[in-house]
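Inside the fold
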Amino acid sequence: MAETGSVLKGDPRLDKLRWSRRLSLTSRILFVNVLPLVLLGGGVIYLDSYRKQLLDERFKLALVEAQITAEALAGATPQRQEALLIQIGKEQRLRIRVYGPEGILESDSFQLAPPSFDLPEASEVNQDDFALRLDRWFDTVVDAPALPDYVDPEADDASAWPELVRAREESLTQIVLRDAPDGTHVINAAAPVGLDGDTLLITRNPVDITQRVREARTNVALIVLLFLLVSTLLSFFLAQTIVRPLRELVQAAVRVRQGRDRQVEVPRLPDRRDEIGMLARAVSDMTAALRHRIDAVESFAADVAHEIKNPLASLRSATESLGKVEDPELRKQLLDIATHDVRRIDRLVTEISDASRIDAEMSRAEFEMVDIAALTRNVVASRDERGENRGNTVTIETIGEELCVYGVAVRLERVIENLLDNAVSFSPDGGTIEVIIRCRDGRIIMTVCDEGPGIPEEKREKVFHRFHSDRPEDEDFGNHSGLGLAIGRTIAEAHDGSLHADGRADGKKGACLVLDLPAAK
């Protein structure tokens, strides 16, 4: 049987399938859910690099400021040093401290003049502030290294500042980044002053960097939240478009499985052009095919019971009568009837068994190249040797070369046998059966024509029904099961071909059976 709902090359449904892939639910769901994550990841990476770039610029500025201030203080009188500390600290918003050769604090710009910036104490900062939590979250995402806290020492001398110790030991400017309690950064730059052993410590609190980064982070967070909200709403929408039709399909499938409603309609969702619509139509086609198969099995079972019941009834009548009949001639007739019925039952069982397993066997069979012309010649020769052509002349005409198909040789031989059996049954003794094999439009077409009474046009399809048997009047009853042509059509369709009945093209009396198979390429 042809597969229901299959998509073949050249089928217009193939174009619909290609078009539906553009509206793939998978693509839409992935796009909706991945977009916020991609945006978030890109924003986080950008902001982290943006912050590092700003800090690098301030590091360079702090280095230059420390070196210039140290040169300005070198050799200056104490009064001049204090004036410079006040002026530079006020103009550059710095805290400048000078330590003597012994590491003791000698001057502090915050003590000489009002502080140019204030760092809050840890106890004064609300640790649940949104900005602080956002900073910690971003730092966790980018795996930023933890910075030491900035804390003014109780005994302010050079030993309390590691950068000052290294600057005194290496005579090089040192820069250290720390975190203030409010989450802002503090940059300390230490540099040697002159040759007397004095050292300089400049402290800067670049609040503008933190504010700019926080503003950018806030914008990114708001955008991400907006996209997450939109994504959530779209996800709910998509979930509804998926769940509702799936629920309808499940309910229909359950009703079909329970068999409570024979006429259950599985929704086909014709307006859907995505995977859900494809699934609905596939399930609907599968259900229709299943019902058709069940109906066919039930009909086949009923036909089998009917066909076996007749010879069984005859056999029973003959065997029951044997014990009551004394006439040897009548007993011989009853035995002949019983023997005929047994053979008829055996033939029926064999044909029924063969017909029932053809589909399963063909689905597992491996196709190979088969020369139809050579196969037909071998079948005709074997029938002649066995005398199965009943004196009829079988002519074989081939038109074209390479008359080959892909298939199962044994099964194709069975089709040819059945076609010849049918032709022999309806041909008069000594008649001619014509077999013509040709290649046309990529198809191998074999026509078997007899000289019998022919098949009326309205009955040409019925002859392929199982157990249909409209035999010649002179043929012994029960010699055919009515399954031959049905089996032949099943095998032909399993080879992506067809088998149908037609009239003779030459106008002569008789019928033609046409086997159409795809040519091997």
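Quick summary incoming for the structure in this document. Starting from 1, residues in each chain are numbered consecutively following that chain's sequence as written. Only residues with pLDDT of 70 or above have their local features reported here, since the model is predicted, and side-chain atom pairs are shown and tallied only from 80 upward, although totals for entire chains, interfaces and linings are computed over all residues. Only hydrogens and water are set aside when side-chain values are computed; all heavy atoms of the structure are taken into account.

**What to know about helix 12 (residues 484–494)**
Only protein chains enter the area calculation, which uses a 1.4 Å probe; residues under 20% of their type maximum are buried, those over 50% are exposed, and those in between are partly exposed. In this text, helices come from DSSP runs of H or I with a minimum length of four residues, and strands from runs of E with a minimum of two, each type numbered from the N-terminal end. Summarising burial for helix 12: eight of the 11 residues are buried, a large majority. Within helix 12, burial applies to Leu485, Ala486, Ile487, Gly488, Arg489, Thr490, Ile491 and Ala492. A positive backbone phi angle near 60° is found at aspartate 496, which sits one or two residues after helix 12.

**Remarks on the packing of helix 11 (residues 409–426) against helix 12**
Under this scheme, a helix contributes an axis fitted over its contacting stretch, all axes are lines through C-alpha atoms, and angles between N-to-C directions fall in the 0 to 180 degree range. Taken N-terminus to C-terminus, the directions of helix 11 and helix 12 make an angle of 145°; their axes are 9 Å apart at the nearest point. For the element pair helix 11 and helix 12, the recorded crossing hand is left-handed. Here Arg411, Leu412, Arg414, Val415, Asn418, Leu419 and Asn422 of helix 11 lie close against helix 12, whose contacting residues are Gly484, Leu485, Ile487, Gly488 and Ile491. For any helix crossing, the convention is left-handed if the near helix is rotated counterclockwise from the far helix by under a right angle, and right-handed if that rotation is clockwise. Residues count as neighbours in contact if any of their non-hydrogen atoms are within 4.5 Å of one another.

**Re the sheet that holds strand 11 (residues 498–503)**
Ordered by their spatial adjacency, five strands build an open sheet running 7-9-10-12-11, and the pairing between neighbours is mixed. Looking at strand neighbours, the two that pair on one side only are strand 7 (393–399) and strand 11, the edges of this open sheet. The sheet shows a mean angle of 20° between the axes of neighbouring strands, direction not considered. Here strand 7 runs beside strand 9 (residues 432–440); their pairing, made up of seven bridges, is parallel. If you follow isoleucine 396 over to strand 9, its bridge partner there is valine 435. Most of the contacts of helix 10 (residues 372–386) go to strand 7, to which it runs at about 170°, and overall it touches strand 7, strand 9, strand 10 (443–449) and strand 12 (511–518). The rule for pairing is simple: two strands pair if DSSP sees at least two bridges between them.

**Looking at the sheet that holds strand 5 (residues 198–204)**
Strand order in the open sheet made by the five strands is 2-1-5-4-3, with antiparallel pairing throughout. The sheet is open, and its two edges are formed by strand 2 (105–108) and strand 3 (174–179), each paired on a single side. Each strand of the sheet is rotated relative to its neighbour by a mean of 20°, with strand direction disregarded. The pairing of strand 1 (residues 94–99) with strand 5 spans six bridges and is antiparallel. When the sheet's bridge partners are listed, isoleucine 96 is paired in strand 5 with isoleucine 202. In the packing of helix 3 (residues 78–92) onto the sheet, the strands contacted are strand 1, strand 2 and strand 5, and the crossing angle to strand 1 comes to about 150°. Helix-sheet contacts for helix 6 (residues 162–170) involve strand 1, strand 3, strand 4 (185–193) and strand 5, and the interaxial angle to strand 3 is about 175°.

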